[in-house]
Amino acid sequence: MTNIEHFFARNRQLIPDLSPASWELTIDGLVRHPLVIDYDDLLHKPVSSFFAVLIGRDDGNDRYAAIANAEWIGVPVALLLEAAGVKPQAAFAACWSYGEQPLVRYVPLAKLWQDAMLAYAVNGQPLPALHGGPVRLVVPGWAGAYWMKWIERITLISAEAAPPAAHCDGSLAIDCRLFNLGEVLQGDNHQPLRGVAWSAGQGIARVALALDDGPWHAATLASDLGPRAWRQFSYHNPAGISASRRLAVQITDNTGQTAVYHWLL
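The rules behind these values
Residues numbered from 1 in each chain as written. Predicted model: local features only at pLDDT ≥ 70, side-chain atom pairs only at ≥ 80, totals over all residues. Heavy atoms only, no water. Buried < 20%, exposed > 50% of the residue type's maximum accessible area, 1.4 Å probe, protein only. Helix = DSSP H or I, 4+ residues; strand = E, 2+ residues; numbered from the N terminus. Pairing = 2+ DSSP bridges. Polar contact = N/O pair within 3.5 Å; in protein donor to acceptor, adjacent residues only side chain to side chain. Contact = heavy atoms within 4.5 Å. Arc of directions from axis to C-beta. Core = buried A, V, L, I, M, F, W, Y, C linked by side-chain atoms within 4.5 Å. Patch = residues over 30% accessible without salt bridge, like charges linked within 9 Å, V, L, I, M, F, W, Y side chains within 5 Å. Areas by Shrake-Rupley, 256 points an atom, 1.4 Å probe, with all protein chains shown as cover. Salt bridge = Lys/Arg side-chain N within 4 Å of Asp/Glu carboxyl O. Lys, Arg positive; Asp, Glu negative; His and termini not counted. Charge placed at Lys NZ, Arg CZ, Asp CG, Glu CD. Disulfide = S-S within 2.5 Å. Axes fitted to C-alpha atoms, helices over the stretch in contact; angles between N-to-C directions.

Colleague: Summarise the pairing of strand β12 (residues 193-198); cite the residues concerned and give the values.
Modeller: Counting buried positions along β12 gives 5 out of 6 residues, so the element sits mostly inside the fold. By the bridge criterion, 4 bridges tie strand β11 (residues 175-178) to β12 in an arrangement that is antiparallel. The partner of C176 across the bridge, within β12, is A197. Pairing of β12 with strand β16 (residues 231-235) involves 5 bridges; the strand directions are antiparallel. Within β16, the residue paired with A197 across the bridge is R231.

Colleague: For the side chain of S97, give the residues involved together with the corresponding values.
Modeller: Inspection of the secondary structure assignment puts S97 in strand β5 (residues 90-97). Within the local environment of S97, its side chain forms a polar contact with the backbone nitrogen of L103, the two atoms lying 2.9 Å apart. Beyond its immediate sequence surroundings of up to four residues, S97 is in contact with Q13, P102, L103, M148, K149, W150, I151 and E152.

Colleague: Can you tell me about helix α2 (residues 77-84), naming the residues and giving the values?
Modeller: Of the positions making up α2, those classed as buried are V77, A78, L80, L81 and A84. For α2, the buried positions fall inside an angular range of 160 degrees around the axis, keeping them on one side. G85 sits one or two positions beyond α2 and adopts a positive phi of about 75 degrees.

Colleague: Please set out the pairing of strand β1 (residues 24-29) residue by residue, giving values where relevant.
Modeller: With 4 bridges joining them, β1 and strand β2 (residues 35-38) adopt antiparallel strand pairing. Bridging across to β2, T26 finds its partner in V36. Linking β1 to β2, which pair antiparallel, is a turn of 5 residues. Relative to strand β10 (residues 151-158), β1 is paired through 4 bridges, and the arrangement is parallel. Along β10, the bridge assignment pairs D28 with T155.

Colleague: Requested: an account of the nonpolar core, with residues and values cited.
Modeller: In this structure, W72, L137, I151 and L156 are the most contacted members of the largest nonpolar core, which totals 62 residues. In terms of residues, this core owes the most to one element, strand β4 (residues 66-76), which gives 7 residues. Core analysis: the next-biggest nonpolar cluster, separate from the first, contains 21 residues, V184, F233, Y235 and L265 among them.

Colleague: Account for a negative patch on the surface, with residues named and values stated.
Modeller: Side chains of E24, D38, D40 and D41 sit close together on the surface and give a patch of like negative charge. Examined against the element boundaries, D41 turns out to sit in helix α1 (residues 39-43).

Colleague: Give me the state of the cysteines: which residues, what numbers.
Modeller: Throughout the structure, instances matching the rule amount to 0 disulfides. C95 takes part in no disulfide bond, and the closest cysteine sulfur, belonging to C168, lies 14 Å away.

Colleague: How would you summarise the sheet that holds β11 if you had to cite specific residues and measurements?
Modeller: Read across the sheet, 4 strands follow the order β11-β12-β16-β15 without closing on themselves; strand pairing throughout is antiparallel. The sheet is open, and its two edges are formed by β11 and β15 (220-221), each paired on a single side.

Colleague: Outline the pattern of salt bridges, listing residues and values.
Modeller: Enumeration over the complete set of coordinates arrives at 6 salt bridges. A salt bridge links D115 to K111; its shortest N-O distance comes to 2.9 Å. One end of the pair is D115 and the other is K111, both in helix α3 (residues 109-115) and 4 residues apart, which spans about a single turn. This pair shows no difference in class: D115 is buried, exactly as K111 is. Residue R246 pairs with D213 through a salt bridge whose shortest N-O separation is 2.9 Å. Taken together, the residues R246 in strand β17 (residues 246-252) and D213 in the loop between β13 (206-211) and β14 (217-218) connect sequence positions 33 residues apart. A residue is classified by how much of its surface remains accessible, and R246, at 43% relative accessible area, is partly exposed. Judged by relative accessible area, which is 67%, D213 ranks as exposed. Among the charged side chains, a network of salt bridges with common partners joins K111, D115 and R228.

Colleague: An account of the sheet that holds β10 is requested, with residue identities and associated values reported.
Modeller: Note: strands within a sheet are paired through backbone hydrogen bonds, in either parallel or antiparallel orientation. Read from one edge of the open sheet, 5 strands run β2-β1-β10-β5-β6, paired in mixed fashion. The strands lining the two open edges of the sheet, one partner per strand, are β2 and β6 (104-108). Across this sheet, the average inter-strand angle for adjacent strands is 20 degrees, counted without regard to direction. Packing against the sheet, α2 makes contact with β1, β2 and β10, and its axis sits at approximately 140 degrees to β2.

What follows is the structure in structure tokens.
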């Protein structure tokens, strides 16, 4: 679990001047009963929690800017959709933020029904404003850009009315991050290679490593925090991982889908 003090932050606008007392959410568009709920309403809804990995993307050369894994606490969006009475033609949700220049992200309605959350707490404490508090949208298994901070409105629209951006797939690829490869390469053979792996909300079943197209060797997996979370792993091979070799990491999720990534050491 990542402590909130160690979370990365990348905001495309100034943090809105919001408090729990001033926050409210509107659900409208293709619904039979438009809703407006405030923070107290949200706190009185049935609570849910799960661990989920948050992946932030960079605008530069790094494919992944930063990652965090935390326990998110809040209300399933599905409960509010049910109360609003979704019309049959609804296919996407336009999710808007508060702010002087509100942001919008489009999420398939099916994903909101599945496991999206309105989170008001993280790791047992109120969600800080820097990270989207008092309430942000959590879309597990999707890139962090879709986890709308300071969410203000969810408007349901039809597939015909949706812009091209709505049809982009934001689901995460099966992937990993190696934390201490540099240290291992520098000759510190007394520690294992450590990393984390994640998927598009399907969990991680196996991580294996190979050198120079050799056989696969299974890494040791840490505790499973659930399908939406990352999975920590370690691999101890002090004599094998060294410069001028090729390292491959194979990651398999719980559905059997596999991805392989390569490093030239």
